[in-house]
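Given next are the chains, with one letter for each unit.
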Amino acid sequence: MISPKLRNTALLVAGCYFMENLDSTIVTTAVPAMSRALQVSSAQMGLIVTAYMVTLAVFIPISGWLAEKFGTRLIFLSAIAIFTLASLACALSPNLGTLVAARVLQGFGGAMMVPVGRVVVIKHTEKRDLLKIMSYLVWPGLISPAIAPLAGGLIITYASWEYLFLINLPLGIAGFIAAWKLIEDETEPAPSRLDVTGVALTGIGVGGLTYAAHVLADTGVSWSKGLLLTAVFLAVSIFAVRHLLTVSNPIVELRILSIPTFRSSQLGSSLYWMMVGSAPFMLTLLFQNVFGWSPTLAGGIVLFIFIGNIGIKPATTFLINRFGFRRVLIVSTAIGALTMILNGLITPAVPIVLIALLTLISGIVRSTALTAYTTIAYSDISPENTRHANALASTMQNLAAAFGIASATVALRAGEPIARWATGSSGGSGAYTVSFFILGIIASLATLEAVRLDPAAGSVLRRKQPGKSLNSAN
């Protein structure tokens, strides 16, 4: 039985996750308006997105060690305070340099806020309640990319860009008050000696790959620069992996990937997160640039992803309990990949109700699959490895989200010449068709990984359904 305090703590962490994730996507809509206000180019304004994502990637791995060193309560409260004050600094920034600095500070707060809060929740959750509690923690990551285009468009249309950040103030203050009441001081085991080399290599590698992803996504930058940066930081990441596998107390414990359920969840969810992050972005561009829809109408249709996320949420626990993690993941990821491919086939002539239905189905399977992935990841993790598992999962999720938008843009850049070669036409719709096909293929790789999963995987987390044994349900 989940206590009211644990449930409220999970909702608090979910709210923080929503606030953090929304800030990584909502400003994209406002880039043109912010560029005019601050008198800089759109390419320069891209720094506010890149700086935030890179800072998240760099500091997430060290968040668990900081919590052990100084206590989860202090770090969690400090993270909310830093994020909220940094949001105010963003809104008050008079120029691009100040805004980028504030975004770095905001990313630092976000990097500690969600991973530390998630550890608090998981550490106090019994295995039998993990499936239900994880459903609270997953929805913000699904909702924010879906509502960000509409929310950003409305704010820019009826207010000003500063309110993109000011909306965090009441949320942050409410979160700080709730955390003050809910998060207790706990005696933490003495942390191991800080793996300084691991921190440096991991930060440079993961942060660099995140930056390279955004460079690849920038149509104003040559392919060669993006690919060169990717190669360089990939090499650093390989050195980081070698280091983490050989030291006794690494900042990120990669050896837990030897646990089949955790390894499968990280690989599959990373592939699937790329689709989750790219679909709202791609659809918004398609509806506005090709269909000629207004930003409000485009955002309204993309909002059906959010409706699907929320609508299926009460049933996700039942579905996993009834059919098992493997079946749910196979069906959800396969349908998710199919929706991406079908997105590439829609035209302005398709009835809008069918387009809305397609986005609704996409939202349903996104919610189901990612709830299953997030939960099964911790099914076989021992309490002493919870911090390491959480740090690794958060890092991989952040990387996948960054590469989701990048892969969408790269697919669009590659899709245009491919479509021109295949059809002889230079129309923009062909590039979107190719792009959705490419992303659908990437998402389908998650299905292949789900097929390899043990049918009994995660059975310790499932509740027996009346009249049916767990074994027969698999």
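Quick note: structure is the one above.
Keep in mind that what you see is a predicted model, and the values were worked out from it rather than measured.

Each value, and the rule that gives it
- Residues numbered from 1 in each chain as written.
- Predicted model: local features only at pLDDT ≥ 70, side-chain atom pairs only at ≥ 80, totals over all residues.
- Heavy atoms only, no water.
- Helix = DSSP H or I, 4+ residues; strand = E, 2+ residues; numbered from the N terminus.
- Buried < 20%, exposed > 50% of the residue type's maximum accessible area, 1.4 Å probe, protein only.
- Phe/Tyr/Trp six-rings, centres within 6.5 Å; stacked < 30°, edge-to-face > 60°.
- Core = buried A, V, L, I, M, F, W, Y, C linked by side-chain atoms within 4.5 Å.
- Domains from an automatic or database assignment.

Caption draft 1: The environment of leucine 357, seen in detail. As for its position among the elements, leucine 357 is in helix α15 (residues 352-376). Sequence separation between leucine 357 and phenylalanine 304 is 53 residues, and the spatial gap between their C-alpha atoms is 7.8 Å.

Caption draft 2: Quick look at the environment of aspartate 185. As for its placement among the helices and strands, aspartate 185 is situated in the loop between α9 (168-182) and α10 (196-217). Since its relative accessible area comes to 64%, aspartate 185 is described here as exposed. Between the C-alpha atoms of aspartate 185 and threonine 72, which are 113 residues apart in sequence, the distance is 7.2 Å.

Caption draft 3: Molecular detail of the packing of aromatic side chains. Using the criterion set out here, one finds 7 aromatic pairs in the structure. Between the aromatic rings of phenylalanine 59 and phenylalanine 108, the centroid separation amounts to 5.0 Å while the plane-to-plane angle is 80°, which identifies the pairing as edge-to-face. In this pair, phenylalanine 59 is assigned in helix α4 (residues 47-70) and phenylalanine 108 in helix α6 (residues 96-123), connecting sequence segments 49 residues apart. Classification of phenylalanine 108 by relative accessible area gives partly exposed; the value is 25%.

Caption draft 4: Summary view of the nonpolar core. Core analysis: the largest hydrophobic core is formed by 123 residues, its most contacted members being Phe76 and Phe287. If you tally residues by element for this core, the top one is α6, at 12 residues. Each of domain 1 (1-184) and domain 3 (256-458) gives at least three residues to this core. Ala57, Ala212, Leu229 and Leu399 belong to the second largest nonpolar core, which has 9 residues in total.

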